[in-house]
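These are the residues of each chain, in order.
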Amino acid sequence: MSARSPESSRMRGLLLVAGREIRVRGLSKSNLISLAITVVIAGVLAALPTILDGGDSDTEVGLAGAAASTMEGQLEAIGGYEVTVFDSAADAEQAVEDGDVEAAVADGDLYVDGRVGTELQTVLESAWQAAAVHGNLSDAGLSDTEIQQALTTRPLETVNLSDSESDSVIGYFTGLIISILMFMMLMMPVQYIAMGVVEEKSSRIVEILLTSLKPWQLLGGKVVGLGAVALVNLVAIVAVGLGVAAATGLLPDLPEGTTSAALSSIGWWLIAFALFGTLAGGVGSLVSRQEDAGSVLTPLVMSLTLSYVGSIFLLNAPGTTFAQVLSIVPPFSAIAMPTRMAIEPVPFWEIAVAIALLLAAAAGALALGAKLYSRSVLYTGSRLKLTEALRRAA
Amino acid sequence: MLEIKELRKRFGDKVALDGVSLSAQPGEVVGFVGANGAGKTTTMRIAMGVLASDSGEVLYQGSPLGAAQRNRFGYMPEERGLYPKMKVAEQIAYFGELHGMDRAAAKRATGELLEQLALTDRAGDHVQDLSLGNQQRVQLAVSLVHDPEAMVLDEPFSGLDPIAVDVMGTALKERAARGVPVIFSSHQLDLIERLCDSVVIIAAGTVIAAGGVEELKARETKRLRVRVDAPRDLIADLPGTVTRDGDDYLVEDADDQAVLHVAMSAGRVAHFAYDQPTIAEIFREAVAQ
């Protein structure tokens, strides 16, 4: 064991600490259960639009009479309707009564059971008219091809005059889910890191650990280990969410940028976690008792909560200066930017600036957190003041 | 050889260590004795690199003790600590790995120690579910798992039940027999006397007495204990300074042959020997001075 190079033994120490955190926290029953529950919720949420839409199941429509075949062609061209052609108007009427079809058209009559959706009525109306026109033209001696040409029209093309596509409901929900996920996935490991640091301090085990490890190995291992646990959770949730969306056929319908926003949130999370994780370790080391952990964590919890609440505001006010500023200024940008990316197209330079600023903040947090930690981790007793910790010799 | 040289440490205005030196040869068990707050823990913490000294040095085999060597030491801090929510065997093996063992070796050593400490059936339990005495045994296992090259133990016997005290004492003796230098502190002076080759007494941050156990005992003022079956009191007859201790006469500053002569002429001499001072007496005396 003495043959090991100092470099590899340094990494080994860090990885051993990380491995312990993964075993103790990641593979704990409570974490596995909560992951399973969250994954199921993510899957259900992803499937929700399809379920609410009534799914892909087509509206069942019955047809009978002379115009039936022409109307059938029309409805098939529109898509989304399952057409049954009945032999007689009476059969069609019976099918509506029995609930086999939602509505039926026979010889100029629309049979419905109670009310009928406006959309369905409009579609049947226009199909009926088209069939009628078709019939009239046919009577006038036109061939089917001629009628086809005469009836072919260019569909309307949408020209959006608004700057943003913010009215996308799916974008809104994606943003909402991203902000909730980011908030949870930062809050949870940040708490665990601080708790772990205080646990080691309060149980005094840190004194034994530090004869084998450097403070940065101990803090780094904790951040890497708990980060890996949270990352696995995050990736599992995003993968299940996108997977379910793909399986239910929702993916192609998602507005441009939703998938990339979901995937990029993992990158945002990594930087944000480096920032909040090391700070949590640093401030955690200021106290010696579990009861005091809450008070030193307050600033971190507050800024995470503000980032989250700000992102929810942002979802309701895309395109505003508030949204722009919040999504660029660290640490709020960590949650706000991926949220904003889900709901509106963000200029590349804004993303680049936000990443650069967040990286800089994370680097600063790493330095500060590690400094705080190594200076105060062996100090026991009452809570150490921040300024005192920074003044103390390492 | 583990040498601690001229350590000085201040905490604010308070001088904790004022030039503390001690050493342990390979195979030597050194007892570190002192009242609370005398500086034992501070010295040991500095030796283990947990605390930085203001000046002075810690040498191992002639050169300054580095992190890699220190990692092969066994250390038990005064404030015991274990992960309460980690399983016993997992925890001992984890520390073995931290000390540079590979996983298989750490597991093997853990198994052997659990056997020795009669904890095998608790291997899968969380530490927090163990009794305090058993937690102390786990603590001991944590400091022994990597077969340490040298041992620095702060109050290793405090809080141990008699069986664990024996296990601990045997473990220390075994290690010493294999050439491991051992330094430990304790308030249980009978244990120090039984286990140690030499003793270092510290008071107010300064070493006030140090040396081999026998050497220290011999250095103490010699006191002759005489018991005579005589009908009359001999205080006036015996030479030197004489005091009574029950039926015994304690004689100091006198020629032992002259004392024996007087005693024999007075009656049957039932007991005639120099008192061996206990370490406890030496300690009290040294601290009192």
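Residues numbered from 1 in each chain as written. Chains lettered and ligands numbered in written order. Predicted model: local features only at pLDDT ≥ 70, side-chain atom pairs only at ≥ 80, totals over all residues. Heavy atoms only, no water.

Novice: So what's going on with the interface of chain A and chain B? Which residues, and what values?
Specialist: Listed as interface residues are 22 residues of chain A and, on the opposing side, 30 residues of chain B. Contact with chain B buries surface across chain A, with Glu207, Ile208 and Thr211 of chain A losing the most and accounting together for 26% of the total. Taken together, chain A and chain B are joined by two salt bridges. One salt bridge in this structure joins arginine 45 of chain B and glutamate 207 of chain A, with 2.8 Å as the shortest N-O distance. The tally of links from chain A across to chain B stands at eight residue pairs in polar contact (both at pLDDT 80 or more). Partitioning the side of chain A that touches chain B into residue classes produces nine nonpolar, four polar and nine charged. (Contact = heavy atoms within 4.5 Å. Buried area = accessible area lost by both parts, 1.4 Å probe. Salt bridge = Lys/Arg side-chain N within 4 Å of Asp/Glu carboxyl O. Polar contact = N/O pair within 3.5 Å; in protein donor to acceptor, adjacent residues only side chain to side chain. Nonpolar A, V, L, I, M, F, W, Y, C, P; charged D, E, K, R; others polar.)

Novice: Tell me what's going on with the pattern of salt bridges, and back it up with residues and numbers.
Specialist: Inspection of every chain in the model, using the stated rule, returns 27 salt bridges over all chains. The residue glutamate 350 of chain A makes a salt bridge to arginine 340 of chain A at a minimum N-O spacing of 2.7 Å. Of this pair, glutamate 350 of chain A sits in helix H14 (residues 348-376) while arginine 340 of chain A is found in helix H13 (residues 333-343), placing the two residues 10 residues apart along the sequence. One network of salt bridges, in which partners are shared, links Arg223, Arg225, Arg227, Asp245, Asp248 and Asp275 of chain B. (Helix = DSSP H or I, 4+ residues; strand = E, 2+ residues; numbered from the N terminus.)

Novice: Describe the sheet that holds strand E7 (residues 151-153) of chain B, with residues and values.
Specialist: All names here are of chain B. Strand order in the open sheet formed by six strands is E6-E7-E8-E3-E9-E10, and the pairing between neighbours is mixed. The sheet is open, and its two edges are formed by strand E6 (74-76) and strand E10 (206-212), each paired on a single side. With direction set aside, neighbouring strand axes in the sheet form an average angle of 10°. The strands that helix H1 (residues 40-47) touches are strand E3 (29-34), E6, E7, strand E8 (182-185) and strand E9 (198-203); relative to E3, the one it contacts most, it runs at about 135°. (Pairing = 2+ DSSP bridges. Axes fitted to C-alpha atoms, helices over the stretch in contact; angles between N-to-C directions.)

Novice: Give a detailed account of the pairing of strand E2 (residues 14-24) of chain B, specifying residues and quantitative values.
Specialist: Residue and element names in this part refer to chain B. Here strand E1 (residues 2-11) runs beside E2; their pairing, made up of eight bridges, is antiparallel. Looking at E2, one finds that leucine 2 is bridged to alanine 24. Taken together, E1 and the strand that follows it, E2, pair antiparallel across an intervening segment of two residues, in which glycine 12 is found at a positive phi of about 65°.

Novice: An account of the domain arrangement of chain B is needed here, citing residue identities and associated values.
Specialist: All names here are of chain B. When its domains are assigned, chain B resolves into domain 1 (2-217) and domain 2 (220-288). Between domain 1 and domain 2, the C-alpha centre-to-centre distance is 40 Å. Across the domain 1/domain 2 interface, buried area totals approximately 970 Å², and carbon plus sulfur atoms make up 77% of it. By the criterion of area lost to domain 2, the three top residues of domain 1 are Leu189, Ile201 and Lys217, representing 48% of everything that side buries. At the boundary of domain 1 with domain 2, the tally comes to zero salt bridges. At the junction of domain 1 and domain 2, the tally comes to zero residue pairs in polar contact (both at pLDDT 80 or more). Taken together, the elements giving at least two residues each to the side of domain 1 that touches domain 2 come down to E3, helix H7 (189-195), E9 and helix H8 (213-219). (Domains from an automatic or database assignment.)

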